[in-house]
Amino acid sequence: MSSLPSSPPSRHFLLASDFDQTLSFNDSGLVLSEIIGASSFESKVAGLAASNLVQQGGELAYLIRHDPEFRGVRREHLVETGRRVRLKKDIPLLLEFLARGVEDCRFSFFVISAAPREVVEAALEGIVPADHIFGTELDYDSRSGEVRSVRRVPAGYGKVSVLEELEGQLGIEPGRTIYVGDGSSDVHVMLHVNHRDGFTIAVSENRHLARIARRTVLSESALSVLVPVLDQLLGLRSPEIRVLFESYGVTLHEWQRERTDRVTLRLPAEAPGGAVA
């Protein structure tokens, strides 16, 4: 008696994303500076980067501990920063898509950022579960409420460490890790992922990442990172990708298919000029 054919094994992918200017439009450090009235944030970060004093991406944590204008930062300042950060469009749709999966593929989504964890959690509240967010971990003084110490900063090689922990916990092969980032602080983790046959996506035209990322996607929609995943990693054809997006109520309005993908996604209610009809 012949047995019934078994279903093909599910392919499990880890999709990890940076936060600042990857899922958001602005740097959370700038927003925090506005809240507490600190000055010259960008020039201070540039100075730290030039001095190589801290890992790229870890500048805000350093300023919170050592800069006089940031020393009074409390948890409530960081939560308010997260609430004010302007997020990219369609992050909930991205999470819905990843939760459903496609064909024989399923995805686990995590955010790995050097921004304080409180900022990222507040910004993505109700969208990404708190236990799927890794950010800079701070200790607070029990009396003053100010930051007393920095426990962990997932910047530079720190992001590599988090990725390896997640791969081990989830039982995911390194070749099925996808990393999405935007800036110089993502160089180390992208090199690591590429070296182990994973897939990397840049969401900016940062010249350091342009030479490293497998693909670059430029779009205001967070959902756009799925285009190179479906195209290059899963091998779907353009018509199949368009139909898949339409099943989520989104039109793949414009796709300039190059090594850099310029993607415009449009919901039915949006008029051609971007205004809501």
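Along each chain, the written sequence defines residue order, and numbers are assigned to residues from 1. The predicted nature of this model means local features are confined to residues of pLDDT at least 70 and side-chain atom pairs, given and counted, to a pLDDT of 80 or more, with totals for whole chains, interfaces and linings taken over all residues. Only hydrogens and water are removed before side-chain values are computed, so all heavy atoms of the structure are retained for them.

1. Topic: the pattern of salt bridges
Selection criterion: When a carboxyl oxygen of Asp or Glu is within 4 Å of a side-chain nitrogen of Lys or Arg, the pair counts as a salt bridge. For the purposes of this entry, the term helix denotes a DSSP run of H or I that reaches at least four residues, the term strand denotes a run of E that reaches at least two, and both are numbered from the N terminus. Throughout this description, buried means an accessible area under 20% of the type-specific maximum (1.4 Å probe, protein chains only), exposed means over 50%, and partly exposed covers the range between.
Per the stated rule, a full pass over the model turns up 15 salt bridges. Across the pair Arg-11 and Asp-104 runs a salt bridge whose closest N-O atoms are separated by 3.3 Å. Here the residue Arg-11 occupies a position in strand E1 (residues 11-17), and Asp-104 occupies one in the loop between helix H5 (91-100) and strand E2 (105-116), the gap between them amounting to 93 residues. Judged by its relative accessible area of 24%, Arg-11 falls in the partly exposed class.

2. Regarding the pairing of strand E3 (residues 133-140)
For clarity, the cut-off: Two strands are counted as paired when DSSP detects at least two bridges linking them.
Of all eight residues in E3, six are buried, a share of seventy percent or more. Relative to E3, E2 is paired through three bridges, and the arrangement is parallel. Residue Pro-116 lies in a different strand from E3, and its bridge partner there is Thr-136. Here E3 runs beside strand E4 (residues 147-152); their pairing, made up of four bridges, is antiparallel. In the strand pairing of E4, Tyr-140 is matched with Val-147.

3. Some points on the environment of Gly-145
As a reminder, the rule being used: Whether two residues are in contact is decided by their heavy atoms, any of which lying within 4.5 Å being enough.
Here Gly-145 lies in the loop between E3 and E4. In sequence terms Gly-145 and Gly-72 are 73 residues apart; their C-alpha atoms lie 8.6 Å from each other. Beyond its immediate stretch of four places on either side in the chain, Gly-145 contacts Val-73, Arg-74, Arg-75 and Tyr-140.

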